[in-house]
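The primary structure of each chain is shown beneath.
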Amino acid sequence: MAADTLAVMALVPGTQSPTRKVPAHIARPEYVGKPAPTPYTGPEVQTAETVEKMRIAGRIAARAMAEAAKLIAPGVTTDALDAVAHEYMCDHGAYPSDLGYRGFPKSICTSINEVICHGIPDSTVLQDGDIVNIDATAYIHGVHGDLNATYLCGDVDEESRLLVERTRESLDRAIRAVKPGRQINVIGRVIESYAKRFDYGVVRDFTGHGINTSFHSGLIVPHYDSDRATQVIKPGMTFTIEPMLTLGTYDYEIWPDGWTVVTKDRRRTAQFEHTLVVTADGAEILTLP
């Protein structure tokens, strides 16, 4: 399918199902029921105990995402993906961190084709040739584990398939670049230099972030080379890297729902994410299944 054909197949919002319930015995993050979370004031370097809890949260999130991804096929709704991930997290004692975060109405994000991030699961039906990102975060034992991946639905065109493959590679390269003593901006430098080989756009206004007992701690991890991201990486820091690459512009618009971010030119975009802890000589991925 030609790129100019892809550009005109713009998505429209579907119908949302009722809010899914979380069993009463599962602990909620402090922001549930509030317009915004309490600002995080703790350290970016975490204790070994907190990191171990984050491994548990990350594993649950990764497995929930994997279970939802098994359903990806033409004719399946994004709401069905949300239902599977929600059930998996709840069945394993975790709260879906997205649900109720600043009023977000669903348990995962599902971002199709031109949606950069924060797509809301609804009655939208996946089509043959779509690419779809699932972003899942689990909260358990007082901490969060956050990851996402972009999947192919049916017979996907070569341009989109390569975008997905290269976005995954950009994340892998960025993870390998994490070393104590380097500045945070090494992450974006590696991602942007790789993306430029293929003339991809690199999204700027949505970034990786610190994560621990807080969903978003305030630490910002840009995916482009930023002279402002000079914080020194230290062992024990926990944060996400989540590059978002586009076939065209990285400029964006937000739907009236206040969440769904789409490329301004409606060309396709892909994203991958892991939660990491910095080790003595690199980084460990905490969101492996």
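Residues numbered from 1 in each chain as written. Predicted model: local features only at pLDDT ≥ 70, side-chain atom pairs only at ≥ 80, totals over all residues. Heavy atoms only, no water.

The protein chain is annotated in an unreviewed UniProt entry as Methionine aminopeptidase of Kitasatospora cheerisanensis KCTC 2395. We quote the UniProt Catalytic activity (unreviewed entry) comment for the protein chain here in full: "Release of N-terminal amino acids, preferentially methionine, from peptides and arylamides." The UniProt entry for the protein chain carries the following comment under Subunit (unreviewed entry): "Monomer." (UniProt positions renumbered as here; feature names shortened; annotations may be inferred.)

Draft legend 1. Layout of the UniProt feature "binding site: a divalent metal cation 2" (unreviewed entry) in the protein chain. Under the UniProt annotation, the feature "binding site: a divalent metal cation 2" (unreviewed entry) is placed at Asp146, His209, Glu242 and Glu273. These annotated residues cover 128 residues of sequence, and their C-alpha atoms all fall within 10.7 Å of one another, placing them together at a single site. As for its placement among the helices and strands, His209 is situated in strand E7 (residues 208–209). Residue classification places His209 among the buried positions, given a relative accessible area of 6%. In this structure, His209 is in contact with Asp146, Phe215, His216, Leu219, Val221, Phe239, Thr240, Glu242 and Glu273, ignoring residues within four places of it in sequence. Reaching out from His209, the side chain makes a polar contact with the backbone oxygen of Phe215 at a distance of 3.2 Å. (Helix = DSSP H or I, 4+ residues; strand = E, 2+ residues; numbered from the N terminus. Buried < 20%, exposed > 50% of the residue type's maximum accessible area, 1.4 Å probe, protein only. Contact = heavy atoms within 4.5 Å. Polar contact = N/O pair within 3.5 Å; in protein donor to acceptor, adjacent residues only side chain to side chain.)

Draft legend 2. Representation of the pairing of strand E4 (residues 131–140). Counting buried positions along E4 yields 10 of 10 residues, so the element is predominantly enclosed. Two strands pair when backbone bridges link them, and strand E2 (residues 109–112) and E4 are joined in this way by 4 bridges, in the antiparallel orientation. For Thr110, the partnering residue across the bridge sits in E4 and is Ile134. In this antiparallel pair of consecutive strands, E4 and strand E5 (residues 143–152), the connection spans 2 residues, and His141 shows a positive phi of 55°. (Pairing = 2+ DSSP bridges.)

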